[in-house]
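Coordinates in review
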Amino acid sequence: MQIVLLGPPGAGKGTQATKICEKYAIPHISTGDMLRQQVASGSPLGNKVKSIMDSGELVTDDVIMQVVEARLSQPDCKNGFLLDGIPRTVAQAESLGTLLLKMGAPKLKVLQINVPDTVLLERIQGRQGQSSRSDDTAEVASKRLKVYWEQTAPVASYYEQRGNLVVLDGVGAVDEVFHRITTALSA
Ligand code: AP5
Ligand code: MG
């Protein structure tokens, strides 16, 4: 199973990805988590992307696609994977399409998790206390949301035009949203 989870910051992509990957025994590939690991390790890539992530802007498509291509070439991705946080631009969606074709017949299912902006900001601010994420401040969260509407929302239309988009309501208890997702995946 090849799954893409789309949705604004705070939609619950990471939360649902953990549950989906456990159920279907596929690796969880989160570009945000991979970049945060690079930042924490102080690698050259980490140093390059830190200030971009802290500002709420997107890391360049080239850098992201290199990271994702390297990860998807690992043997554990042969039988499927879940992508969380990528593609985030139409250019990334196009590059991903090319990459998946190189890997074999793509069987991508794209799930868009929708949550109203007011709820998203509440969730991110609720996490601020416990999380070590430097981009969870009110100011950067609003910026991430703005970037989402400008650059990532068109990715949903991209997949809708290709007929493989399922849109889900992300409001409700975590298990309720998970039930909507598994129902959509088994359809
Ligand atoms: P990334 O790490 O992808 O962050 P994000 O998209 O901004 O989203 P979050 O991780 O904050 O939200 P989420 O949807 O995973 O929700 P979560 O489950 O955590 O990206 C960070 C940065 O990295 C970007 O800004 C960019 O700079 C860079 N980057 C990453 N990928 C990139 C790419 N492809 N291209 C370019 N740059 C890239 O949930 C949020 C909170 O809500 C949690 O506290 C959770 O407990 C709670 N919650 C979850 N579900 C529910 C529910 N049903 N009810 C109540 N609360 C809930
Ligand atoms: Mg996340």
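Scroll up for the structure.
Since we're looking at a predicted model, the values are computed, not measured.

Conventions used here
Residues numbered from 1 in each chain as written. Chains lettered and ligands numbered in written order. Predicted model: local features only at pLDDT ≥ 70, side-chain atom pairs only at ≥ 80, totals over all residues. Heavy atoms only, no water. Near = heavy atom within 4 Å. Polar contact = N/O pair within 3.5 Å; in protein donor to acceptor, adjacent residues only side chain to side chain. Areas by Shrake-Rupley, 256 points an atom, 1.4 Å probe, with all protein chains shown as cover. 1 Å grid on protein atoms, 1.4 Å probe; cavity = no way out; pocket = protein on both sides within 12 Å on 5 of 7 lines; lining within 4 Å. Sits in = over half its atoms within 2 Å of the grid points. Helix = DSSP H or I, 4+ residues; strand = E, 2+ residues; numbered from the N terminus. Nonpolar A, V, L, I, M, F, W, Y, C, P; charged D, E, K, R; others polar. Points joined across faces, edges and corners; volume = space filled by probe spheres on them. Salt bridge = Lys/Arg side-chain N within 4 Å of Asp/Glu carboxyl O. Buried < 20%, exposed > 50% of the residue type's maximum accessible area, 1.4 Å probe, protein only.

Let's talk about the site of ligand 1
By nearness alone, 29 residues border ligand 1, and T15, E57, R88, R127 and R144 come closest of all. One nitrogen or oxygen atom from the main chain of V59 is found 3.1 Å from a nitrogen atom belonging to ligand 1. Within the complex, the protein chains bury 86% of what would otherwise be the 1,000 Å² of accessible surface of ligand 1. At a threshold of 2 Å from the grid points, most atoms of ligand 1 map onto the largest pocket. Among the secondary structure elements, those contributing two or more residues to the shell around ligand 1 are helix 1 (13-24), helix 2 (31-41) and helix 6 (117-127). Looking at the shell around ligand 1, its residues break down into 11 nonpolar, nine polar and nine charged.

Describing the layout of surface pockets
Estimated volume of the largest pocket: approximately 950 Å³. Lining the largest pocket are 46 residues, and of these P9, G10, K13, R133 and R144 sit closest to its centre. Contributions of two or more residues to the lining of the largest pocket are made by strand 1 (2-6), helix 1, strand 2 (28-30), helix 2, helix 6, helix 7 (138-161) and helix 8 (174-186). When the residues that make up the lining of the largest pocket are grouped by side-chain class, the tally is 18 nonpolar, 17 polar and 11 charged.

A word on the pattern of salt bridges
One pass over the structure, following the stated rule, counts 13 salt bridges. K143 is the partner of E57 in a salt bridge, and the nearest nitrogen-oxygen pair spans 3.0 Å. Residue E57 is located in the loop between helix 3 (44-55) and helix 4 (61-72), and its partner K143 is located in helix 7; the two are separated by 86 residues in the primary sequence. Residue class for E57 comes out partly exposed when judged on its relative accessible area of 36%. Residues D135 and R133 are paired through a salt bridge, measuring 2.9 Å at the closest nitrogen-oxygen approach. For R133, a relative accessible area of 24% corresponds to the partly exposed category. Through salt bridges that share partners, R127, R133, D135, D136 and R144 make up one connected network.

Treat this as a map of the structure, not an account of what it does.
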